[in-house]
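# A closer look at the structure
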Amino acid sequence: MAQKFSAVIFDMDGLMFDTETLFSIAQTAISEKRGKKFTLQIKAKMMGQKPLHAVEIMLNELGINESAEKIFEEQTKMYVELLKN
C-alpha cells in the first residue's frame, strides 16, 4: 500500500540549519589566504546561485584568477572540517 504524505519540508539552505555561517567562514578564509576581503556585498551576489556559479562570482568580484572548480573543492573541504568541529 502506498503511503500518503501530508507535508513536505524544504530546507532552502539555512532555514532549518545554519549552514550559511560555515560557508561564510570558509569563503572568508579562502579570500584572506589570497590577500582579498570577502564582503557581505559579494555574499549577497552569491546567495541563491548554484554552488559552482557562486564560487565563480566570488572569484570575479575579488579578482582572483584561479579555477572555480579548484576553489570549490577547497571550500568544500573547509566546510566539512568546520562541520566536524
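Let me begin by describing the structure that accompanies this report. Computed from a prediction, not measured in an experiment: that's the story for all the values here.

When helices and strands are counted, the protein chain shows four helices and zero strands. Secondary structure elements of the protein chain, listed N to C terminal, follow the sequence α-α-α-α. The C-alpha atoms of the protein chain give a radius of gyration of 16 Å, which is well past the 12 Å a tight globule of 85 residues would have. A principal-axis box enclosing the C-alpha atoms of the protein chain has dimensions of 60 × 25 × 20 Å. A fraction of 45% describes how many contacts in the protein chain between residues 6 or more apart in sequence connect residues 24 or more apart. Looking at the protein chain as shown, the accessible area adds up to about 6,500 Å², and 59% of this sits on carbon and sulfur atoms. Each charge class in the protein chain was averaged separately, 11 positive and 12 negative side chains, and the resulting centres sit 1 Å apart.

A few words on helix H1 (residues 20–33). The end-to-end C-alpha separation of H1 is 20 Å, in line with the 20 Å expected for 14 residues at 1.5 Å each. Positive phi shows up at Gly35, right after H1, with a value of about 75°.

Another point: the nonpolar core. Core analysis: the largest hydrophobic core is formed by 13 residues, its most contacted members being Ile42, Met46, Met58, Leu59 and Ile71. Take this core: its biggest share by element is six residues, from helix H3 (residues 51–62). With residues near it in sequence (within four places) discarded, Leu59 still touches Ile64, Glu66, Ser67, Ala68 and Ile71.

Moving on, we come to the packing of H1 against helix H4 (residues 68–84). At a minimum axis distance of 9 Å, the contact between H1 and H4 shows a crossing angle of 130°. Here H1 is positioned oblique relative to H4, judged by the angle of their axes. You can see that H1 and H4 cross each other, and the crossing is right-handed. Contact with H1, carried on its side by Leu22, Phe23, Ile25, Ala26, Gln27, Ala29, Ile30 and Lys33, involves Ile71, Glu74, Gln75, Met78, Tyr79, Leu82 and Leu83 of H4 and no other residues of that element.

It is worth spelling out the packing of H3 against H4 at this point. Taken N-terminus to C-terminus, the directions of H3 and H4 make an angle of 105°; their axes are 9 Å apart at the nearest point. When the interaxial angle is binned, H3 and H4 end up roughly perpendicular. Between H3 and H4, the residues in contact are Pro51, Leu52, Val55, Glu56, Met58 and Leu59 and Ala68, Glu69, Ile71, Phe72 and Gln75, respectively. Here the residues of the contact of H3 with H4 are counted per class, giving eight nonpolar, one polar and two charged.

The next subject is a nonpolar patch on the surface. Taken together, Ile9, Met16 and Phe17 make up a surface patch of nonpolar side chains, about 370 Å² in accessible area. Locating Phe17 in the fold gives a position in the segment before H1. With a relative accessible area of 54%, Phe17 lands in the exposed category.

Parameters and conventions
- Residues numbered from 1 in each chain as written.
- Predicted model: local features only at pLDDT ≥ 70, side-chain atom pairs only at ≥ 80, totals over all residues.
- Heavy atoms only, no water.
- Helix = DSSP H or I, 4+ residues; strand = E, 2+ residues; numbered from the N terminus.
- Rg over C-alpha atoms; globule rule 2.2 N^0.38 Å.
- Contact = heavy atoms within 4.5 Å.
- Areas by Shrake-Rupley, 256 points an atom, 1.4 Å probe, with all protein chains shown as cover.
- Lys, Arg positive; Asp, Glu negative; His and termini not counted.
- Charge placed at Lys NZ, Arg CZ, Asp CG, Glu CD.
- Expected span 1.5 Å × (residues − 1).
- Core = buried A, V, L, I, M, F, W, Y, C linked by side-chain atoms within 4.5 Å.
- Buried < 20%, exposed > 50% of the residue type's maximum accessible area, 1.4 Å probe, protein only.
- Axes fitted to C-alpha atoms, helices over the stretch in contact; angles between N-to-C directions.
- Parallel < 35°, antiparallel > 145°, perpendicular 65-115°, else oblique.
- Left-handed = near helix turned anticlockwise from the far one by under 90°.
- Nonpolar A, V, L, I, M, F, W, Y, C, P; charged D, E, K, R; others polar.
- Patch = residues over 30% accessible without salt bridge, like charges linked within 9 Å, V, L, I, M, F, W, Y side chains within 5 Å.
- Salt bridge = Lys/Arg side-chain N within 4 Å of Asp/Glu carboxyl O.

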